[in-house]
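# Tertiary structure, described
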Amino acid sequence: MTVSGTSLHAQLASLADAARSSDLVLLILAVLGLFLVIHLALDVFVLRRRRRRRESIAQESRMAAAADLSAALARARDSEEVGRVLLDTLNELIGTDHSGLMLIDEGGTEARGLIARSDGVDLDWYPAARVDLKSEVSGVRCAYETRTLFLVENALDSPEVNAELIERAGLKSVAFLPLESERRMIGVVSIGSTTGFLSFTSEQLALMNMLAAEGTLALERTYSLAALERALERERLVSEISRRVRSESDVDRLIEVALAETAEALGASRCFLRLGDPETPAPLRLEWRQEGLDPIPADATPYLSVSNLALRQGRTAAVADIETSPELADESLGGREALLGLGSRAVLSAPIVLFGAVIGVLAVHAAAVLDWSDDDIAFIEAVAREFGMALYSANLLEENRRRLEQQEGLLAATEAMAGELELDSVLTRRLAGGRADLFRALSTRDVLAESVSQAIALLDADAALLLELEGSELVAREGSSYGLEEMQGERFPAAISMAGDLVYSRRPLVIGDLSLQERLETLDPIVREGFQALLGVPLIGSDDSLEGVLIVYSHAARAWRAKETEALVSLAANTATALANAFLYLRVSFEREQSIAILSSVADGIVAVDREGKIVLWNAAVERSTGISSDEALGRTSVEVLRRELDSGAEQGERSISIKRGGTELWLEVTEATMRDPADQIAGKIYTLRDVSTDRFVEQAKSDFVSSVSHELRAPLTSIYGFAETLLRRGELFDETQRRTFLSYIASESERLTGIVDALLDVAELDSGDLQVELGQTDVAHIVREVVEVARQGESGSNGHEFVIDLGADESLGAEADRDKLRRVLVNLIDNAIKFSPDGGKVTVAGQKRPGVVELRVVDEGVGIPAEEQERIFRKFYRGSPSVLRGGTGLGLFISRGLVTAMGGRIWVDSVEGEGSSFVLELVSSEAAGAKSELPSVGE
Ligand code: ADP
């Protein structure tokens, strides 16, 4: 632009010069030149734009064509269809009349015609067309090797094309178009004209490339689809074989089918199985072959070199071409000739390995060169594995069968040889073997079931039935199989025909063929449909009574042998005895249960031990008194359980032993008796244990009491006697005041005596149940104040007890009680409170109303009562250990409880040892008593 701008300027300048020089011609020329230049520049500009537009239109139409093609290809099902769509589109868009597609194998050795199209029809010769990519000259090979488009304008003269193919197709000009996928070259398209010579434009070439790319994609897709389908199909096949391996017992049939299927899946002409290890020639076991092929001769196995290789190496051998494979160069494998002689060209062979050892080999032969794929290898290996499994289980089965046959054969042989004698011993053996089981059955039901199953086994019969005789009826009790088991409970009159014969004759009923029976009664309960022969025997009990019948049946007619009848009679006898036993057992166990029930419920403790001294019975009473459960005691000895020997060594006797229970001592009176078995051997011992702790305690307490009462009585008596004596003999020596003091001592000591005697009388009354209480509305608060006041006065003050009355807001506490008796109870409780708090402290008497009751508490801060003694202190004569030192009769609380109970109340203690005690007294409140008496009593 700058250049033209400058020249324009120069021209104008020269125009001015010319005008000035008036050289018009020059001026005109200059103007014309200028216009010419401008026109040319414009032309170039317009042309460029047009070309660009044309190019973009071509580009667009190529894109559109490619899009159309890819849509059409997407609908194509297989590679042929893909080829057809691709070739037709090329012909149409490029304007050619011939196109063909050759596919290249994986190894790149050969191109094979897939499809060719000429004027919209397939060329039928084309699929058979082959081009050797290694040795032959061809346009296909050229495109394949250079991986680029190869153009031949004059095909007739070109040395670079396959003349034969060109001639066959009649091509004048041709372009070879490589189809290259991401992985490899998959094919070559040839496209050309048969009518005239062509030179392709660059636009056409670009279009071809684009369409070829689309076609390649589509072909790839059909390949992977086909591969997927093939893989699925093989997967299905392997699992089908595997399923059959696990279900089919005829291994040869299984393998035959599997060989055929494997051959088909791999496109093979032969498929065979050889069994044996690498050291042997491994003979051919089974072979499948295509129709028309001869079987592999038996003596050919040493020359089956590929399967020999797989056997030797223990891994899969894949030979694509027997002729060229270097692996087969090793002559010791068997060479190539034999294989080629069988019409095979490629072999794939996988060893069959079981538990690490090679046991055989599976091989497929293909008639043509075949590059076995990874999938093929995986497939044959999977089938080989399944064959291994099948052979393994078949082996086991075979071995098993052989053993069984041997045994059966042996048995049959011995039985046959020894004849009757042996039969007898077989029957005897079976009878003896069953006897123990029969007698082991504990219930009658079990005996019947056992008897029926033994009857079948004994005579190798088909079924058996046992009927029991009840009055004049036969009742089906137990049957086995063929509907007999459903008869259970059915009843029949025993008198009818054959059953009747059996029942009344009491002799075996032997029928070898029911169809020959003249008076065959279908109603006869013992004749069952479907049986041809029967043998029935009576069941005779120990007292010679008929208990029932046992019948065995056979589906086939059968000559029952005498020995067999005898054996069944013996079984029936055993059954009868076993039944009696079971019945006895039932009774014994019932009796045993009964005695256990009795022993467990008796109040005395019962312990039984077996002859080893192990405890076999420990009843509830022993559990209660010893606190040891029967679970803990059973199976152990008395020494282990009680730390005492119960056995005195004597046959029988009585004695007392003491055992520890918790912290306390327990006294047991043991009576023992020896149990003997029928053979007069010691079977065990039985001990009766009576808890005599209380009796013993009372005895002890009584003797303590006698001594303590004597002591208690003696003290006041001594004082009374002393003072009385003094006054009598030396009365005059004392003045009035002194005499009064002596007399008051005598009076108070007499009162103490009276108290003791009263207490003893109370106890006597309580014991005899004669205690009388006079219940009435009683002001408890008033009594409390009185008693506490007396105690306060009586207290010398030296110990410094402080008395507190706490009756709450409600000062009058009305209760249903006996005034005197209540007073005595309170006195006793307060006395105890003082006595057992030697260091003084507070004694509180508290009272309060609670629903329906009046509650009194006597609380001290004294020595307290150990927990384990808190219940015992209410017993007669019981004195806690420290109180022995403090005197007392041990009757106070016993009497108190007796009195309170008689008044309809309760008394108990809460205490912590060392901190003090709180005696609680509960009496029926006046309101509650009133409400009760208002209710009309029954009978009024
Ligand atoms: P005694 O008349 O011999 O005291 P009791 O029957 O009144 O007999 O009491 C029986 C035993 O209860 C006493 O020996 C003592 O061990 C115990 N006991 C009663 N009251 C108390 C108390 N307040 N504190 C501690 N121990 C008590």
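Residues numbered from 1 in each chain as written. Predicted model: local features only at pLDDT ≥ 70, side-chain atom pairs only at ≥ 80, totals over all residues. Heavy atoms only, no water.

We now examine the packing of aromatic side chains. Per the stated rule, a full pass over the model turns up 7 aromatic pairs. Pairing phenylalanine 723 with tyrosine 745 gives two aromatic rings, centres 4.8 Å apart and planes at 5°, and the pair type is stacked. With phenylalanine 723 in helix H17 (residues 693–730) and tyrosine 745 in helix H18 (residues 736–768), this residue pair connects regions lying 22 residues apart in the sequence. An angle of 65° between the planes, with centres 6.3 Å apart, marks the rings of phenylalanine 874 and phenylalanine 919 as edge-to-face. Residue phenylalanine 874 is found in the loop between strand S28 (853–859) and helix H21 (881–886), and its partner phenylalanine 919 is found in strand S30 (residues 916–924); the two are separated by 45 residues along the sequence. A network of ring pairs unites the aromatic residues Phe723, Phe734, Phe742 and Tyr745 as a single cluster. In this arrangement the basic side chain of arginine 897 is found over the ring face of phenylalanine 874, its NZ or CZ atom lying 4.0 Å from the centre. (Phe/Tyr/Trp six-rings, centres within 6.5 Å; stacked < 30°, edge-to-face > 60°. Helix = DSSP H or I, 4+ residues; strand = E, 2+ residues; numbered from the N terminus. Lys NZ or Arg CZ within 6 Å of the ring centre and 35° of its normal.)

Looking now at the sheet that holds strand S27 (residues 841–850). Pairing is mixed in the open sheet, where 5 strands are placed in the order S25-S27-S28-S30-S29. In the strand order of this sheet, the two ends are held by strand S25 (801–806) and strand S29 (906–912), each with one partner. Here the strands of the sheet are splayed against their neighbours by 15° on average, with no regard to which way each runs. Both S29 and S30 contribute to a ladder of 7 bridges, which runs antiparallel. What sits directly across from isoleucine 907, in S30, is leucine 921. Seen against the sheet, helix H20 (residues 819–835) touches S25, S27, S28, S29 and S30 and runs at an angle of roughly 30° to S28. Of the strands in this sheet, S29 and S30 are in contact with helix H22 (residues 892–902), which crosses S29 at around 140°. (Pairing = 2+ DSSP bridges. Axes fitted to C-alpha atoms, helices over the stretch in contact; angles between N-to-C directions. Contact = heavy atoms within 4.5 Å.)

Of all 9 residues in strand S7 (residues 185–193), 9 are buried, a share of seventy percent or more. As paired elements, strand S1 (residues 98–104) and S7 share 6 bridges and run antiparallel to each other. Note on S7: the bridge partner recorded for histidine 98 is glycine 192. For strand S6 (residues 173–180) and S7, the ladder comprises 8 bridges, and the chain directions are antiparallel. Residue pairing across strands places proline 178 opposite valine 188, the latter belonging to S7. If you look at the hairpin formed by S6 and S7, you'll find 4 residues sitting between the two strands. (Buried < 20%, exposed > 50% of the residue type's maximum accessible area, 1.4 Å probe, protein only.)

Another aspect to go through is a negative patch on the surface. Side chains of Glu106, Asp371, Asp374 and Asp375 sit close together on the surface and give a patch of like negative charge. Take aspartate 374: it is sitting in helix H10 (residues 374–440). (Patch = residues over 30% accessible without salt bridge, like charges linked within 9 Å, V, L, I, M, F, W, Y side chains within 5 Å. Areas by Shrake-Rupley, 256 points an atom, 1.4 Å probe, with all protein chains shown as cover. Salt bridge = Lys/Arg side-chain N within 4 Å of Asp/Glu carboxyl O. Lys, Arg positive; Asp, Glu negative; His and termini not counted. Charge placed at Lys NZ, Arg CZ, Asp CG, Glu CD.)

Counted as a void, the second largest pocket has a volume near 1,600 Å³. Lining the second largest pocket are 45 residues, and of these Asp105, Glu106, Arg112, Leu370 and Asp371 lie nearest its centre. Those elements that provide at least two residues to the lining of the second largest pocket are helix H3 (79–95), S1, strand S2 (110–118), strand S4 (130–132), helix H6 (202–247), helix H7 (251–266) and H10. Sort the elements by how many residues they give to the lining of the second largest pocket and H6 lands first, with 10 residues. Of the residues assigned to the lining of the second largest pocket, the class counts are 16 nonpolar, 8 polar and 21 charged. (1 Å grid on protein atoms, 1.4 Å probe; cavity = no way out; pocket = protein on both sides within 12 Å on 5 of 7 lines; lining within 4 Å. Points joined across faces, edges and corners; volume = space filled by probe spheres on them. Nonpolar A, V, L, I, M, F, W, Y, C, P; charged D, E, K, R; others polar.)

Turning our attention to a positive patch on the surface. A grouping of Arg48, Arg49, Arg51, Arg52, Arg53 and Arg54 is seen on the molecular surface, where their side chains present a positively charged patch. Mapped onto the secondary structure, arginine 54 falls in helix H2 (residues 24–74). Judged by relative accessible area, arginine 54 falls into the exposed class, the value being 55%.

Inspection of the entire model under this criterion finds 38 salt bridges. Between glutamate 927 and lysine 849 there is a salt bridge; the shortest N-O distance is 3.7 Å. One end of the pair, glutamate 927, is in helix H23 (residues 926–934); the other, lysine 849, is in strand S27, with 78 residues separating them in the sequence. Since its relative accessible area comes to 35%, lysine 849 is described here as partly exposed. Members of the salt-bridge network, linked through shared partners, are Arg850, Glu855, Arg857, Arg906, Asp910 and Glu922.

Okay, the nonpolar core next. Counting 47 residues, the largest nonpolar core has Val780, Leu822, Leu826, Ile830, Ile873 and Phe919 as its most contacted members. In this view, leucine 826 contacts Ile783, Val784, Val787, Leu856 and Val858; residues no more than four positions away in its chain are not counted. Counting 31 residues, the second-largest nonpolar core is a separate cluster that includes Leu266, Ala268, Leu273 and Leu286. (Core = buried A, V, L, I, M, F, W, Y, C linked by side-chain atoms within 4.5 Å.)

In this section: the packing of H18 against H22. Where H18 meets H22, the axes come as close as 10 Å, and the angle between the chain directions of the two elements is 50°. In terms of orientation, H18 and H22 fall into the oblique class. For H18 against H22, the interelement crossing comes out left-handed. Contacts between H18 and H22 involve Ala759, Asp762, Val763, Leu766 and Asp767 from the former and Phe894, Ile895 and Gly898 from the latter. Here the contact of H18 with H22 is built from residues that sort into 5 nonpolar, 1 polar and 2 charged. (Parallel < 35°, antiparallel > 145°, perpendicular 65-115°, else oblique. Left-handed = near helix turned anticlockwise from the far one by under 90°.)

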